[in-house]
Amino acid sequence: MAGGGVSSDTVEVPSGPIKPIVYVVAFAAATAGLLFGLDVGVISGAQKFLQAEYEAQGFLVTDQVLEYIVSALLFGATFGAVCCGWISSTLGRKRTLMLSAVIFTLGSVGCAMAPSPNVLIGMRFFLGLAVGIASFVAPLYLSEVAPQRLRGAMVSMYQLMITIGILIAFVSDPYFAEYAVIGGKEGGHWRWMLGILVVPATAMGLAILTLPRSPRWLLLNGKEEEAREVLGRIRSLPEEIDGEVNAIKEDMKVPQNGFSLFTQNPNFRRAVYLGVGLQIIQQLTGINVIMYYAPRILETAGFASSEEQLWGTVVLGLVNVLSTFIAIAFVDRWGRKPIMYAGFVTMGLSMAAVGMAFRMEDASYLAVGGLIVFLVGFAMSAGPIVWILCSEIYPLNGRDFGITVSTATNWIVNGIVGVTFLKLLNGLGPSNTFFLYGGLEVLFFIFFVLFVPETKGVSLEKISANLLSGKPLKEIGWVKE
């Protein structure tokens, strides 16, 4: 027993039929991902039009200013994720999700009404608080209410809603850019692109009101009777409820919590470092290079008109949505790691193909094809599975702290990618930039082979017990000794 850990023996939880309410809960909680995706996707189509309007008003909007506008949301999300550990621990998962819905609503209004680039940057930072909170608490909540054999699919629902949000933003951008007539003006309505998000933000708030509270959070805060009531709504067998309550209580026997667990327990530190590594990997695959700058990439590839660029972006968004269903369908059957291996191979080869396309004459369709294949690889693997793993690998007493650190890492690296991509594109050239991202996929494949556990079908409490007993990281998902 290393580092003050616990025995790897834990209470086995029986498994009963899945109640229909479980799917309703999964969908309602995952609406946080919808807003996340909308806010990420909408800025892609708005950049050219907000730049034109602000410059007509006398403001200078350079590529650097555009990078600040894009990345302000990311750094706001970092701050939101850092604060969310304490908020989620204090208020609970459900109330924290509601807080994010309120900030989504206010931030969307503020962005739509911003009178200057600096105000827009500030409001994007404020909106980012909601994105960071949602990205922290939605996967956490889903992992804590899900039956263990559906945990991967339910957390993947969150990623699916992100991709749907991005697609809706990509579809609405061309409409507001080219066709909408508002106030006698046709097209270019970037303020409506940003402001229309008030509608889904309100819907998200209403959906969250219907959710039960997390039974694990309730038990952690001494509310066993309420936890049993919640489990009675979402579990089908009395012995399943008893087994889950007993397993959670066993997990709670770890003497430290939060930061003290990090400083005093080296086994817990290993999980935190793994979560940080997973989130760095997700962002350095290059996914948000495509999400934030898709029209710019398509322009570089030879698609000159705004309409071609925006509708090309829609195609990418649709592929992103459809490919996420691969993870939902198979992550709890095949496991996390086999799908990740396939994803890294697909992403690496497709990034190499895009890099080659930029060295060829008239290879615009090869470049777009490479981007499409890349999105298939990402959406079926690193997109959902990194969030799944980061919601699974921490013991209950350290879960808020661990997910705070890993989610904040996601947004820090996301922000770095957002503010450096145009510099890489202009400095290294488009071909070498995509070769660079493609080469990273090889390193990520090796990392997964050496350090990442397979957690398919294993209870959160068993994973925790294995971790704290000192098992190697790649073995903490093993059930049998």
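**Student:** Let's hear about the packing of aromatic side chains: which residues, and what values?
**Tutor:** Counting across every chain of the model gives 20 aromatic pairs. Consider the rings of Y175 and F176, whose centres lie 5.2 Å apart with planes at 70°: the pair is edge-to-face. Residue class for Y175 comes out partly exposed when judged on its relative accessible area of 44%. Judged by centre distance (5.3 Å) and plane angle (50°), the rings of F447 and F451 are tilted. Linking F447 with F451, this pair stays in helix α19 (residues 430-451), spanning 4 residues, or about one helical turn. An aromatic cluster is present here, built from F259, F262, F268, Y273, Y394 and F401 joined pairwise through their rings.

**Student:** Residues and numbers for the nonpolar core, please.
**Tutor:** Across soluble globular proteins, you tend to see nonpolar side chains buried next to one another. L50, F104, L120 and W190 are the most contacted members of the largest nonpolar core, which totals 146 residues. A per-element tally of this core places helix α1 (residues 20-56) first, with 18 residues.

**Student:** Quick rundown of α1? Include the residues and the values.
**Tutor:** Taking 1.5 Å of rise per residue, the 37 residues of α1 would be expected to cover 54 Å, and the 54 Å separating its terminal C-alpha atoms lies within 8% of that figure. Residue A46 marks the point of greatest curvature in α1, where the axis turns by about 50°. Among the 37 residues that make up α1, 26 are buried, leaving the element largely enclosed by the rest of the structure. A positive phi of about 100° marks G58, the residue just after α1.

**Student:** Go over the confidence of the model for the protein chain with me, naming the residues and quoting the values.
**Tutor:** For the protein chain, mean pLDDT is 85; residues scoring 70 or higher make up 91% of the total. For the protein chain, helix α13 (residues 287-300) is the element with the lowest average pLDDT, namely 68, and helix α12 (residues 266-284) is the one with the highest, namely 95. In this model residues 1-9 is a low-confidence stretch, pLDDT under 50, and it forms 27 contacts with partners more than four residues away in sequence or in other chains.

Reading the values: rules and limits
- Residues numbered from 1 in each chain as written.
- Predicted model: local features only at pLDDT ≥ 70, side-chain atom pairs only at ≥ 80, totals over all residues.
- Heavy atoms only, no water.
- Phe/Tyr/Trp six-rings, centres within 6.5 Å; stacked < 30°, edge-to-face > 60°.
- Buried < 20%, exposed > 50% of the residue type's maximum accessible area, 1.4 Å probe, protein only.
- Helix = DSSP H or I, 4+ residues; strand = E, 2+ residues; numbered from the N terminus.
- Core = buried A, V, L, I, M, F, W, Y, C linked by side-chain atoms within 4.5 Å.
- Expected span 1.5 Å × (residues − 1).
- Bend = angle between axes of the 7 residues up to and from the residue.
- pLDDT = per-residue confidence, 0-100.
- Contact = heavy atoms within 4.5 Å.

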